[in-house]
Every structure is written in structure tokens, then in C-alpha cells.
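Here is how the chains run, residue by residue.
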Amino acid sequence: MSIVTVQLGQCGNQIGHEVFNVLCSDIRGTHGLCSKKENESYHDSCRERFFCEQESGVPVARAVLVDMEPKVISQALSTAARSGHWKYSSHSHFCQKQGSGNNWANGYSVHGPRHKEAIMNLVQKEAEKCERLGGFFTIMSMAGGTGSGLGAFVTQCLRDAFPTSFILNHLIWPYGTGEVIVQNYNSVLTLSHLYQSSDALLVHENDVIHKICAQLMNIKQISFRDVNQVIAHQLGSVFQPTHTAGGGSGYSRNPLGDLMETLVPHPEFRMLGLRNIPQMPENSLAYSTFSWPGLLKHLRQMLIANAQMEEGIDWQVRPPHPGSCTPSTNKPLHFNTSIANLVILRGKDVHGVDLGSFRDPSLYTSWLNPQDAFSAWKTPRAFNKYEKSASLVSNSQFLLKPLDSIVGKAWNMFASKAYLHQYTKFGIQEEDFLDCFTTLEQVISSYTNL
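Every value quoted in this text rests on a predicted model; they were computed, and no experiment measured them. Each residue is numbered by its place in its chain's sequence as written, counting from 1. Owing to the predicted nature of the model, reporting of local features is limited to residues with pLDDT of at least 70; listing and counting of side-chain atom pairs is limited to 80 or more, with chain, interface and lining totals taken over all residues. Note that the side-chain values use all heavy atoms of the structure and ignore hydrogens as well as water.

**Q** What should I look at first to understand the overall build of the protein in this one?
**A** A count of helical and extended segments in the protein gives 15 helices and 12 strands. Radius of gyration: over C-alpha atoms. The globule rule applied is 2.2 Å multiplied by the number of residues raised to the 0.38 power. Its C-alpha atoms give the protein a radius of gyration of 21 Å, within 12% of the compact-globule value 22 Å for 450 residues. For the protein, the spread of C-alpha atoms along the principal axes amounts to about 60 × 60 × 45 Å. Using a 1.4 Å probe on the protein chains alone, a residue whose accessible area is under 20% of its type maximum counts as buried, one over 50% counts as exposed, and one in between counts as partly exposed. Relative to its 450 residues, the protein shows a buried fraction of 58%. What makes two residues a contact is simply this: any of their non-hydrogen atoms within 4.5 Å. Summarising the internal contacts of the protein: among those between residues at least 6 apart in sequence, 81% fall at separations of at least 24. Numbering of helices and strands runs from the N terminus, with a helix taken as a DSSP run of H or I at least four residues long and a strand as a DSSP run of E at least two residues long.

If you want it as C-alpha cells, here you go:
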């Protein structure tokens, strides 16, 4: 099945471009470390999922690019075409001359309705090119105006136009120190609207990725492109083809459907976090060897201690003892409770790997059977030059702290009515803000009580 990617705003378009780059360089690489037959079926499955073929032989990304300013889209189109390995269709982008000025309300209430028909026509055409449509993957930032405001509007339109398709929103969480003075307002409005129309929100925090660039990739002067490449690598590690647990011998048909079925058992819990190990500069790979038990021991501790990367993990955090019927308030400090987890293993010897430690009932909330709460996908085909790599997609308390912080900061501004006039002039009233706060307070409360 095919996935249509919708890239929204500057951030969405830059990350989307890097994602297709990663997918393409991965399938072109000779580093598959697996049988020729396995490599070919992996190759075909990726092509069907993310690209459509053209007579010229250059794969064309199944993507729609939307921005209210032309610069980033024209850069993405020309860089992709120059690579010679893949390109965007010349008819699947939409841009205007002026941006949304970092104002969510401008993107949502003005640009959205004004350009709805043109944007949805492009999406419809892209969807019609798929023999079987698996769903939509939207990429956007929460802090600005176009990605967040227009992104939330377009997601609602996708839900109305394709009621039975899966929609996964990939969100970039802004730097805590701030890029935009109203980023907390924009984030609260985006999250609460997406919670109504999306199947799941997959979140990357800028601060975390920045740390990975500095500490694991040893990059001295970190650019947005560096950050985006790490994000794209992590996304590729989830979306490239794998064998699912009950999927027989072939590659999984519908990655988005499989992801939702595995990780979102209840509509109240839709926030997904992603961890990926190992991550290192390419020139260090040749000197590194990894064992599955070592990688998985680190990944499990990253999960329970809510660590963002394999350096600096708190090894003191332990799961609560089974059978101790303590209320959730007495849980060990910093322990991260999960609803559902998915581990994806890529590389040699995957089929003999023991994942029993992730099936430990004490990692999960009591109302779900641990057998249902954990899944594993595997493929012997290595990903992006890593001989062995593991990814964890987790529906857990990963995002509780950052969510609480963003809602708290936005509420303090709202209580003093700071900058509200910027939103009311585009029709977003105080009641709309209050509704959004209520939605997110409910999400925070649900995750806190796991």
C-alpha cells in the first residue's frame, strides 16, 4: 500500500525532503547485508510505499508540498531533481507569496479556507495515483503559522475527504528556549485540533535532536539541516519495509495501519515518541560493533527512564515490583509507564533476538494485556549503513513533561491576555483557546494516571 506525504510549511518541507533522501539512499545502498531476493523485495516494497515510477526511470515522491512562501518549496524541488536519484512531481506543490507571520490563526482561519480547494485537489490527484492508498503522513512544525495553523486545517480536510484512511501527523516540538514568542499558543492550538482529527501524533523534540547532533554525531556547529537529517534517519528506520509479527513471509502491506493497530488502543492516547539506536557519525561506523543484547538493554532502559539517547541514561530507574498494588502516585520516581510499545529491528541475526524484557508486565498500564501491548517488527536487511539498528516507537509518558510545560506557559500568557489580539483579529476567540486548554488538560490527566 502507498503512503501520501503532505509537507506543510518551511519545517515540513525541509524535513520531508530529507526523509525522501534517506529512503532513496537506503534502497540504493549496497549495504543490505542480506540475500539478493530479500533486498529486491525490500526495494520493491519501499518504492510502492513512497514513490511512483515514471517513464524516465527516476522515482517520483508521492508527496504534496504546501507553503505560503515560495522559497523553501522551490529549493526542495530543484535539489531533489538535481540529485538524479528521485524527484518531486512538478504539479504537486502549492505556494503563495506571503507567509502566515508565525500566527496560527492566520494559517488556520485565513489561508486554510481560502486555499482549501487548490490544496485538496493536489492531495486527491496524488491519492488517485496509488493503487491502494494506505493513508497520509503529514509533516509540520507546531511553533510557526503555516505548518501549524494551515497544517491543522488541512488535517481536518483530509479527515473529511478520506474518512476511512489513516492519518499520522509528524510534529516538530519547538525549542524550549523559544524560536517564536507565541510558539506556546501555536502549539496548544495545533495539538488540541490534531487530537480531534488525526489517528496519532508522532513527535520529535528539537531540543532532543539538537543534543543528539552535539553529543552523538559530534557536530560542532549544528544547522537545521543536521537536525533534519537525524529526524529523517529516525523516521526512515520506522517506515522502511519490515516483516510484522503475523505478516507471513512478505513485507508489511500497510505500515500506517499496522502502526495504529499496534500502538493506539484507545483514542484518548495518541502521542507517540520515537527512539533509535545506535546513532553515530558515518566515519565511526567502520570501527564499531554492536550486539543485539547490548543494544536492547540500552533501548529498554531508555524507555523506562525516559532517556532520549543512549548517552547519559539513568540506570537507577527500575520498574515497580509486580504485584505491589500501589496507586500510580507511589510509582518509582521518573519511571515511564507505557500503554504500548513497538520495537523495530533491522540487520543481521534479527530472527534469533530475545525481546522478552520488553514484554515485562510492569512496564505497562494495568488495563491492557502485556501480550497486546508489545509488538516487534524485523527484517534481516540493514538500514542506512548500520549493520544492526533498533527503533522504539512508544505510546507512553514520554511527552508528559514537555506537554505540561507548553500548556503551563501558554496558560500564563493567556491569563494576562498577552498577544491575544493577534488571534482574535483572525477569528480565534478566547472560548476557542479555553476549549483547547480543556482538551490538553484532559490528555495530560489521562497520561499522568497511567
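What follows picks up the thread again.
**Q** Please explain the environment of Leu-194 as it appears in this structure.
**A** Its place among the elements puts Leu-194 in helix 6 (residues 183-197). The spacing of Leu-194 and Trp-315 is 121 residues in sequence and 35 Å in space, taken between C-alpha atoms. When sequence neighbours within four positions are dropped, the list of residues in contact with Leu-194 reads Met-140, Ala-152, Thr-155, Asn-169, Leu-171 and Leu-201.

**Q** Where do I start with the domain arrangement of the protein in this structure?
**A** Interface size, as often reported, equals the accessible area lost upon joining of the parts. Domain boundaries shown here were taken from an automatic or database domain assignment. By the assigned domains, the protein splits into domain 1 (2-272), domain 2 (282-324 + 332-399) and domain 3 (401-449). Computed over C-alpha atoms, the centres of domain 1 and domain 3 are 26 Å apart. With 29 residues of domain 1 at the interface, the matching set in domain 3 holds 24 residues. Two parts placed together each lose some accessible area; with a 1.4 Å probe, that loss summed over both constitutes the buried area. In this assembly, domain 1 packs against domain 3 so that about 2,400 Å² is buried in total across both faces, 74% of it on carbon and sulfur atoms. On the domain 1 side of the contact with domain 3, Asn-184, Tyr-185 and Val-188 bury the most area, a combined 30% of that side's loss. Put simply, a salt bridge is a Lys or Arg side-chain nitrogen that is within 4 Å of an Asp or Glu carboxyl oxygen. Where domain 1 packs against domain 3, one counts 0 salt bridges. In protein, a polar contact requires one atom able to donate a hydrogen and another able to accept it; more generally it is a pair of N or O atoms within 3.5 Å, and residues adjacent in sequence count only if both atoms are side-chain atoms. Remark: the boundary between domain 1 and domain 3 carries 10 residue pairs in polar contact (both at pLDDT 80 or more). The set of elements that each furnish at least two residues to the side of domain 1 that touches domain 3 consists of helix 4 (104-128) and helix 6. When residues in the side of domain 1 that touches domain 3 are grouped by element, the largest group, 11 residues, is from helix 6.

**Q** Please clarify how the sheet that holds strand 12 (residues 388-396) should be interpreted in this entry.
**A** Whether parallel or antiparallel, the strands of a sheet pair through hydrogen bonds between backbone atoms. Pairing between strands is defined by DSSP: at least two bridges between the two strands are required. Reading across the sheet, the 10 strands line up as 5-4-1-6-7-8-9-12-10-11 and stay open at both edges, with mixed pairing between neighbours. Taken across any chain shown, the strands that pair with only one partner, and hence form the sheet edges, are strand 5 (93-95) and strand 11 (374-379). Each strand of the sheet is rotated relative to its neighbour by a mean of 20°, with strand direction disregarded. Direction of pairing for strand 9 (residues 271-277) relative to strand 12: antiparallel, over a ladder of 5 bridges. In the strand pairing of strand 12, Leu-274 is matched with Val-393. Here an axis means a line fitted to C-alpha atoms, over the contact stretch when the element is a helix, while the angle between two N-to-C directions is reported on a 0 to 180 degree scale. Relative to the sheet, helix 11 (residues 292-304) contacts strand 9, strand 10 (338-347) and strand 12, its axis offset from that of strand 12 by approximately 20°.

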